[in-house]
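Spelled out, the chains give:
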Amino acid sequence: MRHFTEVKDLGNLHQALQEALEIKKERFKYVELGRNKTLLMVFFNSSLRTRLSTQKAAMNLGMNVIVLDINQGAWKLETERGVVMDGDKSEHLLEAIPVMGCYCDIIGIRSFAQLENREDDYQEKILNQFIQYSGRPVFSMEAATGHPLQSFADWITIEENKSVERPKVVLTWAPHPKALPQAVPNSFVQWMVAVGYEVVITHPRGYELDEKFTAGARIEYDQMKAMQGAHFVYAKNWSAASLEHYGQVLSMERSWTVSRRQMDVTDNAFFMHCLPVRRNMIVTDEVIEGPRSLVIPEAANREISATVVIKKILEGLE
Ligand code: AN0
Ligand code: CP
């Protein structure tokens, strides 16, 4: 594997899952693979889980790791080509990227959607420039439209906990005070459809996700109806994805907060969320602390998904 930005890059999913389960039992099995190889993790945005789990994954593989926080101590970067740089930005991404490539073998990028211009975000301009100009394999640590390392971890978690072969997985929108990207729900739906689950998406009207990611899933606008018979409830807020309302918060409707009321009509579903989560906006204390909450095992599996992905990239290095 060269780059990892979405589910299809992983190749055979069944094999990847077996590899994940094997690595979970023996995390240091491939500790020689990354010897004298360097991972550079570049963060344009904050992170707790991705930062720690990806670094741990690289350490499992024997790699050296460098972390660069673009907003803390690096020069301010211009990202638009053709501008006269007479403002506060000291360096252009077009020099910064190949320079970063000089010091490492693999690059992980976190670069959230700006939620200002839909076309820019959906073209994945920053991620693709790293792919084009760094000369290195690049993987997404959540880019503008996807968060595949999260979805891979979510899938491992569902496989470990499911009691039917093809579970019903419900992605529900939930309220949040700030505009959030569509990356997590996009990747989640695309991944869950790719592995053959029954996928239902529920959200208020206006929150439709791009069909590029949702093809094969069903939309049910009535949240309580969507929840019926669910085996897994995956909550997430996102802002509007349409061109007309791109990046806007259209609703803060608290009746969508996941509580006992919704969980009671499921088939004793597990509750999932990628974290960080705002309690009593997205989900009640009772549900997230309850016996069917998988939020911590899900976060723990981020180390496993990242180990598999970095291992596959290391195996593909020339
Ligand atoms: C981010 C998001 O919604 O994309 C990161 C989630 C992993 N969440 C926040 O910014 C709160
Ligand atoms: N789930 C996730 O990616 O969390 P962080 O934003 O803390 O990395």
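All values reported here derive from a predicted model rather than from experimental measurement.

Visitor: So, the site of ligand 2: which residues are in play, and what are the values?
Guide: The immediate surroundings of ligand 2 are formed by Ser47, Leu48, Arg49, Thr50, Arg110, His147, Gln150, Cys274, Leu275 and Arg302. For ligand 2, an oxygen atom lies 2.7 Å from a polar atom in the backbone of Leu48. In the environment of ligand 2, a nitrogen atom lies 3.0 Å from a nitrogen or oxygen atom belonging to the side chain of Gln150. Protein chains bury 94% of the 260 Å² of accessible surface belonging to ligand 2 in isolation. Here the shell around ligand 2 is composed, by residue class, of three nonpolar, four polar and three charged.

Visitor: Describe the side chain of Ser187, listing the residues and the values that go with them.
Guide: By the secondary structure assignment, Ser187 is in helix 7 (residues 183-194). On the accessibility criterion, Ser187 (5% relative accessible area) is buried. Residue contacts for Ser187: discarding those within four places in its chain leaves Gly146, His147, Pro148 and Ser151.

Visitor: Could you give an account of the domain arrangement of the chain, with specific residues and numbers?
Guide: Per the domain assignment, the segments making up the chain are domain 1 (7-146 + 302-317) and domain 2 (148-298). Summed over both partners, the interface of domain 1 with domain 2 comes to about 2,600 Å²; 68% of that surface belongs to carbon and sulfur atoms. Run the count over domain 1 and domain 2 and you get two salt bridges. Residues Arg118 and Asp210 are paired through a salt bridge, measuring 3.0 Å at the closest nitrogen-oxygen approach. Joining domain 1 to domain 2, the criterion identifies nine residue pairs in polar contact (both at pLDDT 80 or more). For the side of domain 1 that touches domain 2, the elements supplying multiple residues, two or more each, are helix 1 (13-25), helix 2 (49-60), helix 4 (118-122), strand 6 (138-140) and helix 12 (295-316). Of the residues assigned to the side of domain 1 that touches domain 2, the class counts are 17 nonpolar, six polar and seven charged.

Visitor: Explain the state of the cysteines residue by residue, including any values.
Guide: For the structure shown, the criterion picks out zero disulfides. No disulfide involves Cys102; its sulfur sits 8.6 Å from that of Cys104, the nearest cysteine. When its relative accessible area of 4% is taken as the criterion, Cys104 is described as buried.

Visitor: Give a detailed account of helix 12, specifying residues and quantitative values.
Guide: Here helix 12 is 22 residues long and its end C-alpha atoms lie 32 Å apart, about the 32 Å a rise of 1.5 Å per residue gives. Bending of helix 12 peaks at approximately 25° at the position of Asn301. In terms of burial, helix 12 is largely enclosed, as 16 of its 22 residues are buried.

Visitor: Account for the packing of aromatic side chains, with residues named and values stated.
Guide: Given two aromatic rings, one states the distance between the centres and the angle between the planes to describe the pair. Per the counting criterion, the structure on display carries eleven aromatic pairs. Between Phe152 and Trp191, the aromatic rings sit 5.4 Å apart at their centres with planes inclined by 15°, giving stacked as the arrangement. Separated by 39 residues along the polypeptide, Phe152 in helix 6 (residues 148-161) and Trp191 in helix 7 bring together distant segments of the chain. Residue class for Phe152 comes out buried when judged on its relative accessible area of 0%. Exposure remark for Trp191: the relative accessible area of 1% places this residue in the buried category. Ring centres 4.8 Å apart and planes at 40° place the aromatic pair Trp173 and Tyr207 in the tilted group.

So, how was this worked out
Residues numbered from 1 in each chain as written. Chains lettered and ligands numbered in written order. Predicted model: local features only at pLDDT ≥ 70, side-chain atom pairs only at ≥ 80, totals over all residues. Heavy atoms only, no water. Near = heavy atom within 4 Å. Polar contact = N/O pair within 3.5 Å; in protein donor to acceptor, adjacent residues only side chain to side chain. Areas by Shrake-Rupley, 256 points an atom, 1.4 Å probe, with all protein chains shown as cover. Nonpolar A, V, L, I, M, F, W, Y, C, P; charged D, E, K, R; others polar. Helix = DSSP H or I, 4+ residues; strand = E, 2+ residues; numbered from the N terminus. Buried < 20%, exposed > 50% of the residue type's maximum accessible area, 1.4 Å probe, protein only. Contact = heavy atoms within 4.5 Å. Domains from an automatic or database assignment. Buried area = accessible area lost by both parts, 1.4 Å probe. Salt bridge = Lys/Arg side-chain N within 4 Å of Asp/Glu carboxyl O. Disulfide = S-S within 2.5 Å. Expected span 1.5 Å × (residues − 1). Bend = angle between axes of the 7 residues up to and from the residue. Phe/Tyr/Trp six-rings, centres within 6.5 Å; stacked < 30°, edge-to-face > 60°.

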